[in-house]
Amino acid sequence: MTEAILLVGGKGTRLRPLTVHTPKPMVPAAGVPFLTHQLARARAAGVDHIVLATSYLAEVFEPHFGDGSALGLHLEYVTEKEPLGTGGAIRNVAERLRSGPDEPVLIFNGDILTGLDIRALVGTHQSTGADVSLHLTKVTDPRAYGLVPTDDTGRVLAFLEKPQTPEEIVTDQINAGAYVFRRSVIDTIPAGRPVSVERETFPGLLAAGAHLQGMVDSTYWLDLGTPAAFVRGSADLVMGRAPSPAVPGRRGDRLILPTARVAPDAKLTGGTVVGEGAFVAEGARVCGSTILPGAVIEPDAVVTDSLIGSRARVGERSVITGAVVGDGAVVGADNELRDGVRVWCDARIPAGAVRFSSDQ
């Protein structure tokens, strides 16, 4: 297998305000755009040609990655004029593929962090003679996902939408967002209109008698669709819990990028990343968080499981927990922001304006 399609067109609405100025796959995770980790893992698995299916803020990708040669890849870019869904995006880039009709094409989503054995998925596809093979993973609570039951040989039996009752939970296997298609199957997807592979293509193939094979790989898997998940994924990359050859430094409790400055008595733990040009001042404590380039954490601030956007500022003694502070925003001194709070880009929160405890 030598080529793949990478779906990077989504708007990342669940990640806003991180994605106001930056497409989701380009938001930094462990010091580099998340997409870098996916490209590096694909290259390590033997892929050398990748077509990026872009849409939202499509102009950002090529200036950063160019032709892919720096990563040992040949990259091409195809931009959707109108959103086409997962299946439509795959069909829209088909003319850039080089594979023969029976050759495998890897397809993966731009928001999944996974330890999937890519070679094993392709091997399963080829050894079973499948038309499409799917990476499946097991989850403790499958209610938020589409279920994919298989027989004892791994052949897919059905695609079940998110279960609503305990009786509908017939398996803990879910679609994990990476596939191998027989090249000719891609050409059967309708062109020029929105198509969902999950809701239309896969059920349609199954109904037509096609062979869809599932491979369960329950290594590390995380959907980075929410701010909390994205921050956790970045920390897991830094600490080595999630695999990637693209982390720009040693695995450990913290990753400090070149030109970042950290005061000697500041404490960084839990896979924290401090981006280029960022500053963490004296007495500050940062755990499990991502501090993007140019951001400032002022003296004695405490930041936990949060993402602080580019050029943002967290004031003295402020406590930020499970929150997102957008690019260029300023959180004044002595504020408390808790789980789920999203401070929009360039917003200003005055000193002592938001608190959950007494100011004494």
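Fair warning: this is a prediction, and the values are worked out from it, not measured in the lab.

Basis of the calculations
- Residues numbered from 1 in each chain as written.
- Predicted model: local features only at pLDDT ≥ 70, side-chain atom pairs only at ≥ 80, totals over all residues.
- Heavy atoms only, no water.
- Helix = DSSP H or I, 4+ residues; strand = E, 2+ residues; numbered from the N terminus.
- Buried < 20%, exposed > 50% of the residue type's maximum accessible area, 1.4 Å probe, protein only.
- Contact = heavy atoms within 4.5 Å.
- Areas by Shrake-Rupley, 256 points an atom, 1.4 Å probe, with all protein chains shown as cover.
- Lys, Arg positive; Asp, Glu negative; His and termini not counted.
- Charge placed at Lys NZ, Arg CZ, Asp CG, Glu CD.
- Arc of directions from axis to C-beta.
- Pairing = 2+ DSSP bridges.

Trainee: Sorry, what's going on with the overall build of the protein chain here?
Mentor: Helix and strand content of the protein chain: 7 helices and 28 strands. Its C-alpha atoms give the protein chain principal-axis dimensions of about 70 × 50 × 35 Å. Here the protein chain holds 360 residues, and 54% of them are scored as buried. Considering only residue pairs separated by 6 or more positions, the protein chain has 51% of its internal contacts joining residues 24 or more positions apart. When the accessible surface of the protein chain is summed, it comes to about 15,200 Å², and 50% of that surface belongs to carbon and sulfur atoms. If you average the places of the 34 positive and of the 41 negative side-chain charges in the protein chain, the two averages end up 2 Å apart.

Trainee: Is there a simple way to think about helix α6 (residues 197-207) in this case?
Mentor: Every α-helical turn comprises 3.6 residues, leaving residues that sit three or four positions apart pointing alike. When α6 is considered as a whole, its buried residues turn out to be Val197, Thr201, Phe202 and Leu205. Projected down its long axis, α6 shows its buried positions confined to an angular sector of 85 degrees, all on one face. The exposed set on the far side of α6, more than 90 degrees from its buried face, consists of Arg199 and Ala207. Looking at the buried residues of α6, the elements they touch are α3 (85-92), β8 (132-138), β9 (173-182), α5 (183-186) and β10 (212-216). Gly209 sits one or two residues past α6 and shows a positive phi near 90 degrees.

Trainee: Where do I start with the sheet that holds strand β28 (residues 348-349) in this structure?
Mentor: Strand pairing in a sheet relies on backbone hydrogen bonds. The paired strands run either parallel or antiparallel. Spatial strand order, β13-β16-β19-β22-β25-β28: 6 strands in an open sheet with parallel pairing. Every interior strand has two partners, whereas the edge strands, β13 (261-262) and β28, have only one. Sheet topology places strand β19 (residues 296-297) next to strand β22 (residues 313-314); 2 bridges connect them, and they run parallel. Paired with Ile297 across the bridge in β22 is Val314.

Trainee: Teacher, can you tell me more about the sheet that holds strand β14 (residues 267-269) here?
Mentor: Pairing is parallel in the open sheet, where 5 strands are placed in the order β14-β17-β20-β23-β26. Whereas interior strands pair on both sides, the edge strands pair on one side only; in this sheet they are β14 and β26 (336-337).

Trainee: Hey, could you run me through the side chain of Asp131 in this one?
Mentor: Structurally, Asp131 can be placed in the loop between α4 (118-128) and β8. Among the residues examined, Asp131 registers a relative accessible area of 18% and is labelled buried. What Asp131 contacts, discounting residues up to four positions off in sequence, is His125, Val180, Phe181, Arg182, Val185, Ala210 and His211.

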